[in-house]
Every structure is written in structure tokens, then in C-alpha cells.
Amino acid sequence: KRFKEPKEERRPWRIWFYDTSKQAIGALFIHFANVFLSDLTEEDPCSLYLINFILDATLGMLLIWLGVKVASWIVQHKKYTYLVFGEYG
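Think of each chain on its own: its residues are numbered from 1, step by step along the sequence as written. For a predicted model such as this one, the threshold for reporting local features is a pLDDT of at least 70, and the threshold for listing and counting side-chain atom pairs is 80 or more; totals across whole chains, interfaces and linings nevertheless cover every residue. Side-chain descriptors were evaluated using all non-hydrogen atoms of the structure, hydrogens and water having been removed beforehand.

- The chain goes by STIMA regulator in an unreviewed UniProt entry, where it is assigned to Hemiprocne comata.

Written out as C-alpha cells, the structure reads:
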């Protein structure tokens, strides 16, 4: 994916690694959480895993988007320049 970015806008390797590692850690966490939660029921664990995954991919993404918007607004309002999303200095 990094090589699909325009050359003049391409992130340095370190920044790219930070961004992708956050996504990988989040995906691993939600995967193991779904596996753990699907074992807690008498129902079919595969269908419960699918329900958890769909809820995370829809409602979870909406909540994350809303949280980023609120946090970005607070950072901009309070002028916390070190907390701007995507800016690593």
C-alpha cells in the first residue's frame, strides 16, 4: 500500500510503520476479543463471532470516527499542537 501513495506525498518508513502497526494491533485485539466472547455462549460460536465482527465494523467504526472528531475539535480548540492526529513531528 505504501508504494501506491504518490511519491511526493509518501510517508517515511517509520511513520508508515507507526500507522500500520496501530491498525495491526487493533485488528489482533478485536479478533482475540471476538474469539473469547464467542466461547462464552451456548450458541454457535461462529455466528456470534460474525455478529461481533459486523458490529465492530459498523457501530465500532462510527464510534471511533466520532471520538476522533471530538478529540480533534478539543485539540484545535485548546491549541494542543502536539496532539494533532497524523502529525509525528
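Digging into the packing of aromatic side chains
Next, step 1: Aromatic rings from Phe, Tyr and Trp, with only the six-membered ring used for Trp, were paired whenever their centres fell within 6.5 Å, and each pair was classed as stacked if the ring planes differed by under 30 degrees, edge-to-face if by over 60, and tilted otherwise. Inspection of the entire model under this criterion finds two aromatic pairs.
Next, step 2: Residues F3 and W13 carry aromatic rings whose centres are separated by 5.9 Å and whose planes lie at 70° to one another, so their mutual orientation is edge-to-face. Taken together, the residues F3 in the segment before helix 1 (13-38) and W13 in helix 1 connect sequence positions ten residues apart.
Next, step 3: Judged by centre distance (5.5 Å) and plane angle (85°), the ring pair of W13 and W16 falls under edge-to-face. By definition, any uninterrupted DSSP run of H or I lasting at least four residues is a helix, any uninterrupted run of E lasting at least two residues is a strand, and each is numbered from the N terminus.

Things to note about the UniProt feature "transmembrane region" (unreviewed entry) in the chain
Next, step 1: Under the feature "transmembrane region" (unreviewed entry), the UniProt entry names residues 20-37 and 49-68.
Next, step 2: From the first C-alpha to the last, residues 20-37 spans 26 Å; its make-up is 100% helix and 0% strand.
Next, step 3: The span residues 49-68 is 100% helical and 0% strand by assignment, and the distance between its end C-alpha atoms comes to 26 Å. UniProt positions are given in the numbering used here, feature names are shortened, and annotations may be inferred rather than shown by experiment.

A closer look at the side chain of E5
Next, step 1: By the secondary structure assignment, E5 is in the segment before helix 1.
Next, step 2: Polar contacts involving the side chain of E5 include one to the side chain of R11, which spans 2.6 Å.
Next, step 3: Those residues in contact with E5 that lie beyond four places of it in its chain are R10 and R11. Identification of polar contacts relies on pairs of N or O atoms within 3.5 Å, with a donor-acceptor requirement for protein atoms, meaning one able to donate a hydrogen and the other able to accept it, and with residues adjacent in sequence counted only if both atoms are side-chain atoms. Residue contacts are defined here by distance: any two heavy atoms, one from each residue, within 4.5 Å place the two residues in contact.

Quick look at helix 1
Next, step 1: One fewer than the residue count of a helix, multiplied by 1.5 Å, yields its expected span. Taking 1.5 Å per residue as the helical rise, helix 1 with its 26 residues ought to reach 38 Å, and the 37 Å between its terminal C-alpha atoms agrees with that figure.
Next, step 2: Using a 1.4 Å probe on the protein chains alone, a residue whose accessible area is under 20% of its type maximum counts as buried, one over 50% counts as exposed, and one in between counts as partly exposed. Taken together, the buried positions of helix 1 are occupied by I15, D19, S21, N34 and S38.
Next, step 3: Structurally, helix 1 contributes buried residues whose contacts are with helix 2 (45-78).

Details of the pattern of salt bridges
Next, step 1: For salt bridges, the criterion is a side-chain nitrogen of Lys or Arg within 4 Å of an Asp or Glu carboxyl oxygen. For the structure on display, the rule yields three salt bridges.
Next, step 2: Across the pair D19 and K22 runs a salt bridge, and its minimum N-O distance is 3.8 Å. Taken together, the residues span about one helical turn, with D19 and K22 both in helix 1 at a distance of three residues.
Next, step 3: Members of the salt-bridge network, linked through shared partners, are E5, R11, D19 and K22.

Some thoughts on unusual backbone geometry
Next, step 1: With phi around 60°, K79 is a residue other than glycine that occupies positive phi space.
Next, step 2: Here K79 shows up in the segment after helix 2.
Next, step 3: A relative accessible area of 67% places K79 in the exposed class.

Observations regarding helix 2
Next, step 1: Here helix 2 contains 34 residues, and its C-alpha end-to-end distance of 46 Å stays within 8% of the 50 Å for a straight helix at 1.5 Å per residue.
Next, step 2: All of the buried residues along helix 2 are N52, G60 and V75.
Next, step 3: The inward-facing, buried residues of helix 2 contact helix 1.
Next, step 4: One or two residues past the end of helix 2 sits K79, with phi positive at roughly 60°.

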